[in-house]
Amino acid sequence: MNKKIEATIAYVKEELRQAEGGHDWFHIERVYNNALNILKFETGADREVVQLIALLHDIADSKFHQGDETVGPRKAKTWLEYLDYELAVVEHVVKGIENISFKGGNFDQKFSSKELEIVQDADRLDALGAIGITRVFNYGGFKNNPIHDPEQAPRFGMTKEEYKAHKGTSINHFYEKLLLLKELMHTETGKRMAEDRHRYMESFLARFYAEWQGEN
């Protein structure tokens, strides 16, 4: 493996050692592996840039830094400069990190590249399926959000700021984000993987509501 990638893996593991379970090193590792799997079937992308965006995309998630979206890109930039990457690579990775998040689905993305599309798909895949379900409830518990409230409807059309400040239920989060991700995938590989995970979440929700009502 590339020595700089090895160093970045070690750096991220250490930085996220105490992170919340849905945004820890294992999340990064899953996204990294998803990205490499997608990369096997996609052309026209720089492998090392894909690896770096995947490894550094959540180095300092704004949710855990008082909503400050500049911390992560700044830390990534400092690290990449320390490794003596050329300016074009540093700028590409930093712009990728700045533009990867969902943010309510209405985020005005100011940068795009094949590399970012691959990592965005990889990151969104980790919010789908069995892992996505687990992460929703792990984060909901971390924030002490209600699991479900039948009187509280999902909110749609939120601005980026409203989405970031919104404290809803874990079940509503499926409708406000997770079930929307399938239609936001970029790569054909990502789309195929998302379809299966999306169906799994739909079956989970059907079972959840049945059990919530006390049905057998």
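Residues numbered from 1 in each chain as written. Predicted model: local features only at pLDDT ≥ 70, side-chain atom pairs only at ≥ 80, totals over all residues. Heavy atoms only, no water.

1. What to know about the overall build of the protein
Our working rule: Counting from the N terminus, the helices are DSSP H or I runs at least four residues long and the strands are E runs at least two residues long. It is over C-alpha atoms that the radius of gyration is taken, and the globule rule equals 2.2 Å times the number of residues to the power 0.38. Only protein chains enter the area calculation, which uses a 1.4 Å probe; residues under 20% of their type maximum are buried, those over 50% are exposed, and those in between are partly exposed. All accessible areas in this document rest on Shrake-Rupley with a 1.4 Å probe, and a residue is counted as covered only by the protein chains that are shown. Charged-residue counts in this description rest on Lys and Arg as positive and Asp and Glu as negative, His and the chain ends being excluded. Throughout, a charge is located at the NZ atom of Lys, the CZ atom of Arg, the CG atom of Asp or the CD atom of Glu.
The helix and strand tally for the protein stands at 10 helices and 0 strands. Traced from its N-terminal end to its C-terminal end, the protein shows the element sequence α-α-α-α-α-α-α-α-α-α. For 216 residues, the compact-globule estimate of 2.2 N^0.38 gives 17 Å, and the protein sits close to it at 18 Å. On the principal axes, the C-alpha backbone points of the protein span a range of 60 × 35 × 30 Å. Put simply, the protein has 216 residues, and 47% of those count as buried. Of the roughly 11400 Å² of accessible surface on the protein, 50% is carried by carbon and sulfur atoms. In the protein, 29 side chains carry a positive charge and 36 a negative one; their mean positions are 1 Å apart.

2. Some details on the environment of E91
Structurally, E91 is set in helix α5 (residues 87-98). As a C-alpha pair, E91 and V119 span 28 residues in sequence and 16 Å in three-dimensional space.

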